[in-house]
Amino acid sequence: MGIVVQEVSKGFGSFQAVDQVNLEVETGSLVALLGPSGSGKSTLLRLIAGLETPDAGRIILTGRDATYETVQERNIGFVFQHYALFKHMNVRENIAFGLSLRKTPKKAAQRRVEELLELVQLKGLGDRYPSQLSGGQRQRVALARALAVEPKVLLLDEPFGALDAKVRKDLRAWLRRMHDEVHVTTVFVTHDQEEAMEVADKIVVMNKGRVEQVGTPAEIYDNPATAFVMSFIGPVNVLPGTSRIFEGNGFESPHPEVFVRPQDVVVEVEPNGSTVSARVNRVIHLGWEVQAELILDDGQVVTAHLTRDRFDELQLAPQQRVYVKPKEARAFPLYYSI
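The rules behind each value
Starting afresh in each chain, residues are numbered from 1 along the sequence in its written order. In keeping with the model being predicted, local features are shown solely for residues with a pLDDT of at least 70 and side-chain atom pairs are shown and tallied solely at 80 or more, while totals for entire chains, interfaces and linings include all residues. Calculated side-chain values reflect all of the structure's heavy atoms, with hydrogen atoms and water omitted. Each nonpolar core is a collection of buried residues, namely Ala, Val, Leu, Ile, Met, Phe, Trp, Tyr and Cys, held together in the definition by side-chain atoms within 4.5 Å. Throughout, exposure labels follow a simple rule: accessible area from a 1.4 Å probe, protein chains only, divided by the maximum for the residue type, with under 20% read as buried, over 50% as exposed, and the rest as partly exposed. By the convention used here, residues are in contact when the closest approach between their heavy atoms is within 4.5 Å. Salt bridge criterion: a side-chain nitrogen from Lys or Arg within 4 Å of a carboxyl oxygen from Asp or Glu. Each helix corresponds to a stretch of at least 4 residues labelled H or I by DSSP, and each strand to a stretch of at least 2 residues labelled E; elements are numbered beginning at the N terminus. As a rule, the C-alpha atoms of each element are fitted with a line to give its axis, helices using only the stretch in contact, and angles between N-to-C directions run from 0 to 180 degrees. Reported orientations rely on four angle classes, namely roughly parallel under 35 degrees, roughly antiparallel over 145, roughly perpendicular from 65 to 115, and oblique for the rest. Left-handed describes a crossing whose near helix is turned anticlockwise from the far helix through less than a right angle; right-handed describes the clockwise counterpart. Only Asp, Glu, Lys and Arg are considered charged in this grouping, and only Ala, Val, Leu, Ile, Met, Phe, Trp, Tyr, Cys and Pro are considered nonpolar; every other residue, Gly among them, is considered polar. Positive charge is attributed to Lys and Arg, negative charge to Asp and Glu, and no charge count is given to His or to the chain ends. The rule for pairing is simple: two strands pair if DSSP sees at least two bridges between them. Patch construction takes residues with relative accessible area above 30% that form no salt bridge. Like charges are linked within 9 Å, and nonpolar side chains (Val, Leu, Ile, Met, Phe, Trp, Tyr) are linked within 5 Å. Here the accessible surface of atoms and residues is derived via Shrake-Rupley with a 1.4 Å probe, and residues count as covered only by protein chains that are part of the display. Whenever a nitrogen or oxygen atom comes within 3.5 Å of another N or O atom, the pair is scored as a polar contact, on the condition that within protein one atom can donate a hydrogen and the other can accept it, and that pairs from neighbouring residues in sequence are kept only if both atoms are in side chains.

Undergrad: Explain the nonpolar core here, please?
TA: In a soluble, globular protein the nonpolar side chains are often hidden away together inside. In this structure, Ile95, Leu154 and Ile203 are the most contacted members of the largest nonpolar core, which totals 46 residues. When near neighbours in sequence (up to four residues on either side) are disregarded, isoleucine 203 contacts Ala32, Leu34, Ala196, Met197, Gln213, Val214, Gly215, Pro217 and Ile220.

Undergrad: Help me understand the pattern of salt bridges in this model?
TA: For side chains bearing opposite charge, pairing can occur when the charged atoms are close. Within this structure, the stated rule accounts for 21 salt bridges. Of the charged contacts in the structure, one is a salt bridge between glutamate 69 and arginine 64, with a shortest N-O distance of 3.2 Å. We classify arginine 64 as partly exposed; its relative accessible area is 27%. In this structure, glutamate 268 and arginine 310 form a salt bridge, with 3.1 Å as the shortest nitrogen-oxygen distance. Of the two residues, glutamate 268 is situated in strand β13 (residues 265-268) and arginine 310 in helix α11 (residues 308-314); the sequence distance between them amounts to 42 residues.

Undergrad: Please clarify how helix α1 (residues 41-49) should be interpreted in this entry.
TA: Within α1, seven of the nine residues are buried, leaving the element largely enclosed by the surrounding structure. Of all the positions in α1, only Lys41, Thr43, Leu44, Leu45, Leu47, Ile48 and Ala49 are classed as buried. Following α1 by one or two positions, glycine 50 adopts a phi angle in the positive range, close to 95°.

Undergrad: How should I be thinking about the packing of helix α5 (residues 106-119) against helix α6 (residues 135-148) in this particular structure?
TA: Packed helices, taken two at a time, are described by their axes: the angle between them and the distance between them. Look at α5 against α6: their axes get within 10 Å of each other, and the N-to-C directions meet at 140°. Here α5 is positioned oblique relative to α6, judged by the angle of their axes. In terms of crossing hand, the pair formed by α5 and α6 is right-handed. Contact residues: α5 offers Arg112, Leu116 and Leu119, while α6 offers Ala144, Leu147 and Ala148. Classifying every residue of the contact of α5 with α6 by side-chain character gives five nonpolar, no polar and one charged.

Undergrad: What exactly am I supposed to notice about the side chain of lysine 41 here?
TA: Looking at the element boundaries, lysine 41 is found in helix α1. One buried charged residue, lysine 41, forms no salt bridge at all, with the nearest opposite charge on glutamate 158 at 4.6 Å. Residues within four places of lysine 41 in sequence aside, it is in contact with Leu33, Leu34, Gly35, Pro36, Glu158, Val189, Thr190, His191 and Met206.

Undergrad: How do you make sense of the sheet that holds strand β17 (residues 321-326) when you look at a structure like this?
TA: Judged by pairing direction, the sheet is antiparallel, and its five strands sit side by side in the order β13-β17-β14-β15-β16 without closing on themselves. What marks the edges here is a single partner per strand, and that holds for β13 and β16 (301-307). Averaged over all adjacent pairs, the angle separating strand axes in this sheet is 45°, with direction ignored. Across four bridges, β13 lies against β17 in antiparallel orientation. Its bridge partner lying in β17, valine 267 is registered against valine 324.

Undergrad: Quick question: what am I supposed to make of a nonpolar patch on the surface here?
TA: A cluster of nonpolar side chains, namely Leu51, Val71 and Phe80, defines an oily patch on the protein surface of about 210 Å² accessible area. Within the fold, phenylalanine 80 resides in the loop between β6 (76-79) and α3 (91-95).

Undergrad: Help me understand the side chain of histidine 179 in this model?
TA: With respect to the helices and strands, the residue histidine 179 is situated in helix α7 (residues 165-182). Classification of histidine 179 as buried rests on a relative accessible area of 3%. In this structure the side chain of histidine 179 is engaged in a polar contact, spanning 3.2 Å, whose partner is the backbone oxygen of glycine 28.

Undergrad: Help me out: how do you make sense of the environment of alanine 292 in this one?
TA: Its location among the elements puts alanine 292 in strand β15 (residues 289-296). In contact with alanine 292, not counting residues within four places along its chain, are Arg282, Val302, Thr303, Ala304 and Leu316.

Coordinates in, geometry out; function isn't part of it.
Here it is as structure tokens:
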């Protein structure tokens, strides 16, 4: 096992940032710590890195207890959101910085730097300075510098958060390809659900200092363990259990809140006995799908996602009367399939 976190807690004054967290990260895997601001994900990453000391619990790295080891003793590569490159050093010198601290022989260091320049797709840019690079290129230099010393574990703290959407998406795909080449045990922090789903082998969903669920992207999305995971991962309608939309659809007893994914809202232009009436309030074209904002007769707002083909078939327009029902819904802790 690459990383094992056992009953780890960390507080700052009266604020409990990490609360009795247990986590195992397999050697060679790419794992995302996902959660809202203040959920404890960055603090947990810093505890693994040795930048913070836990109040309780143990951290085991590649089979050894590293709870009280220094950052240098842990052999970890760390990449921050804001690059932290040395402005007075060119790309090659930035990448080689850790190697020079370890007094790596010059020729071996040069070979390693050239290998990494090719790996991060910056071959030919070794003589440039950070100011001459784009944001995406700077972040790749930071990743190459972290990999130069051949760390056992690579930790990334919102590595693409400072970049625009297009560059972020490109770098996500690149990071996944790079990981598949080097297979270093990697943990990265993000609050972007799409980023976690696209890149990670497994996702650790955190909330209020605790782990809500660990699983593959498919497991997290299709089988959320808690109401928080359901509401945080992907779009969802949260409706009162007493809503008329559930009448005659298999709910024997009402629940305070019921969760319905927008793609699980069935929209028809004619009633069929199990549907309820609604009015189309707004139609939003999202490229490959169409989002329809619907208002039920009791005033509740429901969002439905339709394929382009289905939208063209229905020919929806604002103020149009439609009829809806949920195809599938969840109420926690019980699950109902409709």
